[in-house]
Amino acid sequence: MANILVVDDEMGIRELLSEILGDEGHVVTTAENAQQARELRQAGVPDLVLLDIWMPDTDGVTLLKEWQRDGLLTMPVIMMSGHATIDTAVEATRIGALNFLEKPIALQKLLKAVQQGLSHSREAVRPASYRPAPVAAVANGAGDGLHVPEHVTPVTAYAPALGGEPAHHGTPAAAAPFGQVADNAANISFDLPLREARDAFERAYFEYHLVRENGSMTRVAERTGLERTHLYRKLKQLGVEPGKLARKNH
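Calculation rules
Residues numbered from 1 in each chain as written. Predicted model: local features only at pLDDT ≥ 70, side-chain atom pairs only at ≥ 80, totals over all residues. Heavy atoms only, no water. Helix = DSSP H or I, 4+ residues; strand = E, 2+ residues; numbered from the N terminus. Buried < 20%, exposed > 50% of the residue type's maximum accessible area, 1.4 Å probe, protein only. Contact = heavy atoms within 4.5 Å. Areas by Shrake-Rupley, 256 points an atom, 1.4 Å probe, with all protein chains shown as cover. Phe/Tyr/Trp six-rings, centres within 6.5 Å; stacked < 30°, edge-to-face > 60°. Axes fitted to C-alpha atoms, helices over the stretch in contact; angles between N-to-C directions. Parallel < 35°, antiparallel > 145°, perpendicular 65-115°, else oblique. Left-handed = near helix turned anticlockwise from the far one by under 90°. Core = buried A, V, L, I, M, F, W, Y, C linked by side-chain atoms within 4.5 Å. Pairing = 2+ DSSP bridges. Right-handed = clockwise from strand over helix to strand, strands pointing away. Nonpolar A, V, L, I, M, F, W, Y, C, P; charged D, E, K, R; others polar. Polar contact = N/O pair within 3.5 Å; in protein donor to acceptor, adjacent residues only side chain to side chain.

Enquirer: Lay out the overall build of the chain with the relevant residues and their values.
Expert: From N to C terminus, the chain includes eleven helices and five strands. Relative to its full complement of 250 residues, the chain shows a buried share of 45%. Long-range pairs, those at least 24 residues apart, make up 62% of the contacts in the chain with a sequence separation of at least 6. Total accessible area on the chain is roughly 13500 Å²; 54% of this is exposed by carbon and sulfur atoms.

Take a look at the structure:
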């Protein structure tokens, strides 16, 4: 798990990156402009920064120069842009950026760049660990994730396999997260409209696999036969939060 700062003026980009990186087990803090990024950097040192180049107040390259000038460029920085030229990318790299991602960012390229950035980060001697500012994160929509509707069945007691017995008091902790998968599926009312019944089944289906795979989106995608991008969209539509399910499984 790493502390990652995402700096981008587009709310949609901040939310998407927060969701993807959060599902990978990272703690994500967001800033919508250079000033918020400056304040967060003064508060502590993140393990990695994803920095947009084109922002309304101060662009990302200028902010990168400031950090380099003031001795604050002590963490890996990955630049992002959908309009930057090769010259801009070269300049950012010369200043100290570790990598450059072109928008729209392909999921695999993002995850690979983040992994490389964090590997680079661990090689350096670092100051005290970064502490995200909760207010900034909440203000930018990067809290604990999507709201879970009340009708979503909690997965606090899933059985080891479909058809397994519900967990009771005294059930080993390792088995507890699987307790009632069979019951959840069996109790879906046939009086429901088809769409609601299908959503209820899919919700239980994905919750089961998420708990089973300890929240690993890569393994869930492989088991369910879905592309990861489609899987993220599907879970969002169903109101299923992988991060919370993974935490409940520990």
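Enquirer: Any chance you could break down the packing of aromatic side chains for me, citing the residues and the numbers?
Expert: For any pair of aromatic rings, the description rests on two quantities: the centre-to-centre distance and the angle between the ring planes. For the structure on display, the rule yields two aromatic pairs. Look at Phe201 and Tyr205: their rings are 6.1 Å apart centre to centre, the planes differ by 25°, and that puts the pair in the stacked class. With a gap of four residues between them, Phe201 and Tyr205 both fall in helix 8 (residues 194-212), about one helical turn apart. By the ring-pair criterion, three or more aromatic residues cluster together here, those being Phe201, Tyr205 and Phe206.

Enquirer: Could you give me a rundown of the packing of helix 8 against helix 9 (residues 217-224), with the residues and numbers involved?
Expert: In contact at an axis separation of 9 Å, helix 8 and helix 9 are set at 130° when each is read in the N-to-C sense. For the element pair helix 8 / helix 9, the angle class is oblique. For helix 8 against helix 9, the interelement crossing comes out right-handed. Each of Tyr205, Phe206, His209, Leu210 and Arg212 in helix 8 lies in contact with helix 9, whose residues at this interface are Met217, Val220, Arg223 and Thr224.

Enquirer: Before we move on, could you go through the nonpolar core and cite the residues and values that matter?
Expert: Ranked by size, the top nonpolar core spans 28 residues in total, and within it Ile4 and Leu50 carry the most contacts. Those elements that place two or more of their residues in this core are strand 1 (3-7), helix 1 (11-23), strand 3 (48-52), strand 4 (77-81), helix 5 (107-123), helix 8, helix 9 and helix 10 (228-238). The element that contributes the greatest number of residues to this core is helix 5, accounting for six residues. In this structure, Val7, Ala37, Met79 and Ala97 belong to the second largest nonpolar core, which totals 22 residues.

Enquirer: Summarise the pairing of strand 2 (residues 27-31); cite the residues concerned and give the values.
Expert: Burial runs high along strand 2: four of the five residues are buried. Relative to strand 2, strand 1 runs parallel, the two sharing five bridges. In the strand pairing of strand 2, Leu5 is matched with Thr29. Of the crossover connections in this fold, the one passing from strand 1 over helix 1 to the parallel strand 2 is right-handed.

Enquirer: Report on the packing of helix 8 against helix 10, specifying residues and quantitative values.
Expert: It is the contact of helix 8 with helix 10, at a shortest axis distance of 10 Å, that shows an interaxial angle of 120°. Considering the angle they form, helix 8 stands oblique to helix 10. Crossing angle aside, the handedness with which helix 8 passes helix 10 is left-handed. Residues Asp199, Glu202, Arg203, Phe206 and Leu210 of helix 8 touch helix 10, and the partners they reach there are Leu231, Lys234, Leu235 and Leu238. Its residues assigned to classes, the contact of helix 8 with helix 10 shows five nonpolar, no polar and four charged.

Enquirer: Give me the lowdown on the sheet that holds strand 4, citing residues and values where you can.
Expert: Across the sheet, five strands lie side by side as 2-1-3-4-5; this open sheet has parallel pairing. Single-partner strands in this sheet number two, and they are strand 2 and strand 5 (99-102). On average, each strand axis in the sheet is inclined to that of its neighbour by 20°, with strand direction left out of account. The strands touched by helix 2 (residues 34-43) within the sheet are strand 1 and strand 2, with strand 2 carrying the most contacts at an inclination of about 135°.

Enquirer: Describe the environment of Ser18, naming the residues involved and giving the relevant values.
Expert: Checked against the element boundaries, Ser18 lands in helix 1. Sequence spacing of Ser18 and Thr29 is eleven residues, and the spatial spacing of their C-alpha atoms is 7.7 Å. Side-chain polar atoms of Ser18 contact the backbone oxygen of Arg14, separated by 2.7 Å.

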